[in-house]
Amino acid sequence: MTILAVIKNNKLLEEMQAILTELCPDDELMIFTDSPKALAAARKKEIQVAFLDAKLAEIDGLLLGRYLRDLYPEINLIVLTKERGVAFDAMALRASGCILSPATKENIRTELSELRYPPGRSKKKGVFAQTFGNFELFVDGVPVAFKYSKTKEIVAVLINNKGVQTTNGEIIASLWEDDGDPKVKASYLSNLRQDLQNTLTGLKVNDIILKKRGSMAIAMDKVDCDLFEWLAKKKESRYQYLGDYMNQYSWAELVHAELDELSYAMDDE
């Protein structure tokens, strides 16, 4: 089980860490005072239990809880607060529990023994495509290991094209530009497509690729993606564009420039 604790006060966070270490010696702890950093970490690692300070800076505890609930519908949210009225808001969030600060060992022990969603019953959370920064594809929080690096790059190209069917020729142009014999590249692409199919089928997520004769597209409704959500929701998105986009791929520079323009326009609003 992975337990997340996000508390603004360093002293209280240290006390929480000591109690959780004692009560849950075999579980993984993720400890933060910074709510954006906690959310970024949670996108990469499935969380079963989250202790959230209601009064966090930047992203308050209840809003952070909603973001975590979006990521993991069966997460156990436990809200820590000094205000009794916050308990009602925690109930609306379908939290597992609410503790009046400062938390004691007995409070925490009780909440852990009465979790709303017992560990082991959480469902598969699906596919997440990270485009802000370096590109990475995750299934159930684990980076997908393709046999060839260019197989991963094919997925990046399809994500970059945002659901548009992309021809084999367009994929080849992105992956190799003008380098090499066209027939050799076409043969290599065939191997890469097979690797893509084998890998995704093995992970039982092969439905994220929509195939037609001579082309492919990403199924946008099957993939949680920072790019897709930010384009749709802008400032309301869980993911915020900070100037980095698919850094390892030179062909992504055009969309990168478009994202910069959108970001500048948002700052001027």
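For the structure, see preceding data.
Worth saying up front: this structure is predicted, and the values here are computed from it rather than measured. Position numbers for residues count from 1 along each chain, tracking the sequence in the order it is written. Local features in this predicted model are restricted to residues of pLDDT 70 or higher, and side-chain atom pairs are both shown and tallied only at a pLDDT of 80 or more, whereas totals for entire chains, interfaces and linings draw on every residue. Side-chain descriptors were evaluated using all non-hydrogen atoms of the structure, hydrogens and water having been removed beforehand.

Points about the state of the cysteines
And then number 1: When two cysteine sulfur atoms lie within 2.5 Å, the pair is treated as a disulfide. Taken as a whole and assessed by the stated rule, the structure comprises zero disulfides.
And then number 2: Here Cys24 stays free of any disulfide, with the sulfur of Cys98 as its closest cysteine sulfur at 19 Å.

Digging into the layout of surface pockets
And then number 1: Considering only enclosed or pocket space, the largest pocket measures out at about 500 Å³ in volume.
And then number 2: In terms of lining residues, the largest pocket is bounded by 20 residues, among which Ala40, Arg43, Tyr239, Gln240 and Leu242 are the most central.
And then number 3: Only DSSP runs of H or I reaching four residues or more are called helices, and only runs of E reaching two or more are called strands; each is numbered from the N terminus. At five residues, helix α2 (residues 35-44) tops the list of elements feeding residues into the lining of the largest pocket.
And then number 4: Definitions used for this entry: grid spacing 1 Å over protein atoms alone; cavity, a set of points where a 1.4 Å probe fits but cannot get out; pocket, an open set with protein on both sides within 12 Å along at least 5 of 7 lines; lining residue, one with an atom within 4 Å of a point. Grid points are joined across faces, edges and corners, and a volume is the space filled by probe spheres set on the points. By volume, the second largest pocket amounts to about 260 Å³.
And then number 5: For the second largest pocket, the lining is made up of 17 residues, of which Ile7, Leu12, Asp53, Lys82 and Ser101 are closest to its centre.
And then number 6: Those elements giving two or more residues to the lining of the second largest pocket turn out to be α1 (10-23) and β4 (76-81).
And then number 7: It is α1 that contributes the most residues to the lining of the second largest pocket, four residues altogether.

Some points on the sheet that holds strand β10 (residues 209-212)
And then number 1: Spatially, β9-β11-β10 is the arrangement adopted by the three strands of the open sheet, whose pairing is antiparallel. The two strands at the open ends of the sheet, each matched to only one other strand, are β9 (166-167) and β10.
And then number 2: When DSSP finds at least two bridges between two strands, those strands are taken to pair. The sheet contact formed by β10 and strand β11 (residues 215-218) spans four bridges and is antiparallel. If you follow Lys212 over to β11, its bridge partner there is Ser215.
And then number 3: Of the strands in this sheet, β9, β10 and β11 are in contact with helix α6 (residues 149-160), which crosses β11 at around 70°. Two residues form a contact once any of their heavy atoms are found within 4.5 Å. In this description, a line fitted to the C-alpha atoms serves as the axis of each element, helices being fitted only across the stretch in contact, and the angle between N-to-C directions of two axes falls anywhere from 0 to 180 degrees.

A short note on the environment of Asp207
And then number 1: Relative to the helices and strands, Asp207 resides in the loop between α8 (182-202) and β10.
And then number 2: Once the C-alpha coordinates of Asp207 and Ile218 are considered, the two residues, eleven residues apart in sequence, prove to be 9.0 Å apart.
And then number 3: If we skip the residues at most four places from it in the chain, Asp207 touches Ala219 and Lys222.

Re the sheet that holds strand β3 (residues 49-53)
And then number 1: In space, the five strands of this open sheet follow the order β2-β1-β3-β4-β5, with parallel pairing throughout. Single-partner strands in this sheet number two, and they are β2 (28-32) and β5 (97-100). Each strand of the sheet is rotated relative to its neighbour by a mean of 15°, with strand direction disregarded.
And then number 2: With five bridges joining them, strand β1 (residues 2-6) and β2 adopt parallel strand pairing. By the bridge assignment for β2, Thr2 is matched with Glu28.
And then number 3: The strands touched by α1 are β1, β2, β3 and β4; relative to β2, the strand with the most contacts, the crossing angle is about 175°.
And then number 4: Strands in contact with helix α5 (residues 105-113) are β3, β4 and β5; relative to β5, the strand with the most contacts, it is inclined by about 175°.

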